[in-house]
Amino acid sequence: MTEEQWQWQEPGTAWRGVGIYHITLTVPSRQPLLGTLVIPQNDPSQARVERTALGNAVVDELYVMCRHYPDIRILQFCLMPDHLHAVIRVTRGMDTSIRSVIRGYWQGVKKLGRAYTLAVSPELNSGTTDKGGTTDQGKPTAGQGATAAGQGATAAGQGGAAAEGRTADGSWAFPIFTERPFIRPLSRRGQLQTMMHYVRMNPQRLATKRLMPGFFRVQKDIKIADLSFDGVGNVALLHAEHYDVVHVRSVWVKAAEQGDSQTLRDYMNSCVLKARKGVVMVSPFISQQEKQVMQVLINEQHPFILLADNGFRDYYKPSDALFDACAAGRVLILSPWPYDAGKRHISRADCVNLNNMAEEFCKVMIADGL
């Protein structure tokens, strides 16, 4: 990874001042080495993660970081089987940058990961004593003087290859934390509470995905007329009887801004009324007014199809507003384009293309009786 790719903050944003940041650290192989998801009575709302020795040590290292930098506060964190989320606040300007602090945390966690690997695979450790035993360096510890967290460390509850520290193809995966953590500044109003809710809900969301895998699996090459889409959600919505488009025209918005909102209100109301009659509404839901319509559809539990401006990364899950609707089978998210990790904002060309696709989608589906 080049240094340029590690410029997570927006250009011109200071690294040393007061701020709030979302940090994500991931096991690149996605092996569940940090914990085991437990779902009591198959109820996602009760889901929790039982930490392994390595997971405990990774969390302990967070608090070691805060002891070294007393101007940093942990606002929220959640350890998942294969990654860690943390929301931290920098309360005062520091001599060092938050990037350097997180780099130090990452280096410490890398050492824990290597110690874990050596503990579960002593035959690969040149510092082993007798076969089957390890030296003290084979035990992951968090920070100076921290309690040894990995005595005989194993991936608790993870049988087979994962417990042995192997990848699916049988190769050894070490060091574990080879990717630098992702750090994102939170600056917009309401973003902090949204992110803290997201972090808290991670176990419940993972449990929901595991209990209902069909609605969260990325389905490739869904053919509709001459177009091909990737999709997440309920593909049965492609067999509805009636479809219509949600597309708020800019002329209506401009008229509303000048005091004549009747046309805009009537159109938005008509979209909701159609949904109440069983029509599946289709749209990229780009404008603020279209998003308001989508929120009503979600609140009233009507099915709809969302055309997305970006594809689906590995381990994709819908955002807060869409997650529950997806789990209930009330939404299908389609994208005509592959996932682009560098994409930040939707372009005007994308908006036009997606709105045209929504129009064409409805015409084709109605004409073909699909």
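Residues numbered from 1 in each chain as written. Predicted model: local features only at pLDDT ≥ 70, side-chain atom pairs only at ≥ 80, totals over all residues. Heavy atoms only, no water.

1. Points about the overall build of the protein
Rules: Helical segments are the DSSP runs of H or I of at least four residues, strand segments are the runs of E of at least two, and each set is numbered from the N terminus. Throughout this description, buried means an accessible area under 20% of the type-specific maximum (1.4 Å probe, protein chains only), exposed means over 50%, and partly exposed covers the range between. Here a residue-residue contact requires only that any non-hydrogen atoms of the pair lie within 4.5 Å.
Scanning the protein from terminus to terminus reveals 10 helices and 12 strands. Scored against the burial criterion, the 370 residues of the protein give a buried share of 47%. Within the protein, contacts between residues separated by at least 24 positions form 68% of all contacts whose residues are at least 6 apart in sequence.

2. A closer look at the nonpolar core
We apply this condition: Remark: nonpolar core denotes a set of buried residues (Ala, Val, Leu, Ile, Met, Phe, Trp, Tyr, Cys) joined through side-chain atoms within 4.5 Å.
Ranked by internal contacts, the top residues of the largest apolar core, which has 31 residues, are L54, V58, I72, I98 and F177. Mapped onto this core, the elements with two or more residues apiece are β1 (19-26), α1 (53-68), β4 (72-79), β5 (83-90) and α2 (98-120). With eight residues, the single largest contributor to this core is α2. With sequence-adjacent residues up to four places away left out, L54 is seen in contact with L33, L34, L112, G113, Y116, I176 and F177. Counting residues in hydrophobic clusters, the runner-up holds 29 residues, among them M294, F304, A308 and A325.

3. Thoughts on the packing of helix α7 (residues 262-276) against helix α8 (residues 288-299)
Two packed helices can be described by the angle between their axes and the distance between those axes. Cut-off, in case you're wondering: What counts as an axis is a line fitted to C-alpha atoms, over the stretch in contact for a helix, and the angles between N-to-C directions run from 0 to 180 degrees. What sets the label is the angle itself: under 35 degrees gives roughly parallel, over 145 gives roughly antiparallel, 65 to 115 gives roughly perpendicular, and the rest give oblique. By convention, the crossing between two helices is left-handed when the near helix turns anticlockwise from the far helix through less than a right angle, and right-handed when the turn is clockwise. Each residue gets one of three labels, nonpolar for Ala, Val, Leu, Ile, Met, Phe, Trp, Tyr, Cys and Pro, charged for Asp, Glu, Lys and Arg, and polar for the others, Gly among them.
With their axes 10 Å apart at the nearest point, α7 and α8 run at an angle of 30° to one another. By the angle class used here, α7 and α8 are roughly parallel. In this structure, α7 meets α8 at a crossing whose hand is right-handed. Between α7 and α8, the contacting residues are L264, M268, C271, V272 and A275 on the first element and Q289, Q292, V293, V296 and L297 on the second. When its residues are assigned to classes, the contact of α7 with α8 shows eight nonpolar, two polar and no charged.

4. Looking at the confidence of the model for the protein
This is how the line gets drawn: Confidence of the predictor at the level of single residues is captured by pLDDT, which takes values from 0 to 100.
In the predicted model, the protein carries a mean pLDDT of 81, and 79% of its residues have values of at least 70. Predicted confidence for residues 123-139 stays below pLDDT 50, and this span has 24 contacts to residues more than four positions away or in other chains. Across residues 144-165, where pLDDT falls below 50, the model places 49 contacts with residues more than four positions away in sequence or in other chains.

5. As for the pattern of salt bridges
Applicable threshold: Between Lys or Arg on one side and Asp or Glu on the other, a salt bridge is scored when a side-chain nitrogen of the former is within 4 Å of a carboxyl oxygen of the latter.
Counted according to the given criterion, the structure contains 10 salt bridges. As a salt-bridge pair, R249 and E359 come within 3.4 Å of each other at their nearest N and O atoms. Within this pair, whereas R249 is found in the loop between β9 (243-245) and α6 (250-257), its partner E359 is found in helix α10 (residues 348-368), the two being separated by 110 residues in sequence. You can call R249 partly exposed: its relative accessible area is 35%. On the basis of relative accessible area, E359 is assigned to the partly exposed category, the value being 26%.

6. Topic: helix α4 (residues 191-200)
Where we set the bar: The directions from the helix axis to the C-beta atoms form the arc being described.
When we look at burial in α4, the residues that qualify are Q191, L192, M195, M196 and V199. One side of α4 holds all its buried residues, which, seen down the axis, span an arc of 130°. Lining the buried residues of α4 we find β1, β4, β5, β6 (182-186) and α5 (202-211).

7. What to know about the packing of aromatic side chains
Definition in use: In this scheme Phe, Tyr and Trp rings, the latter by its six-membered ring, pair at centre separations within 6.5 Å, and the angle between planes marks the pair as stacked below 30 degrees, edge-to-face above 60, and tilted otherwise. Placement of a positive charge over a ring is assigned whenever Lys NZ or Arg CZ falls within 6 Å of the ring centre and within 35 degrees of the normal to the ring plane.
Going through the model one piece at a time under the given rule, you end up with six aromatic pairs. Ring centres of W252 and Y267 lie 4.8 Å apart, and the angle between their planes is 45°; on these two criteria the pair is classed as tilted. Placement of the pair is W252 in helix α6 and Y267 in helix α7, with a sequence separation of 15 residues. By relative accessible area, Y267 is classed as buried at 17%. Ring centres of F312 and Y316 lie 4.9 Å apart, and the angle between their planes is 70°; on these two criteria the pair is classed as edge-to-face. Exposure remark for F312: the relative accessible area of 7% places this residue in the buried category. Across from the ring centre of Y315, 4.1 Å away, lies the NZ or CZ of R30, which sits over that ring. Just above the ring of F323 sits the side chain of R205; from NZ or CZ to the centre is 4.7 Å.

8. Some details on the sheet that holds β6
To keep it simple, the criterion reads: Here, a strand pair is defined by DSSP locating no fewer than two bridges between the strands.
The sheet built from four strands is open, its strands ordered β4-β5-β1-β6 with antiparallel pairing. Each having just a single partner strand, β4 and β6 make up the two edges of the open sheet. The mean inter-strand angle of the sheet, taken between neighbouring strand axes irrespective of direction, is 20°. Where β1 meets β6, five bridges bridge the pair, whose relative direction is antiparallel. Within β6, the residue paired with H22 across the bridge is R184.

9. Comments concerning the pairing of strand β12 (residues 331-335)
Of all five residues in β12, five are buried; the element is thus mostly enclosed. In β12, alternate side chains face the same way, and those of V331, I333 and S335 on one face and L332 and L334 on the other are all buried. In terms of strand pairing, strand β8 (residues 227-233) meets β12 through four bridges, oriented antiparallel. Opposite G233, over in β12, you have L332 as the bridge partner.

10. Description of unusual backbone geometry
Of note in the backbone geometry, N42 takes a positive phi value of approximately 55° without being a glycine. Within the secondary structure, N42 is located in the loop between β2 (35-38) and β3 (48-51). Non-glycine residue Q301 carries a positive phi angle of around 65°. By the element assignment, Q301 lies in the loop between α8 and β11 (304-307).

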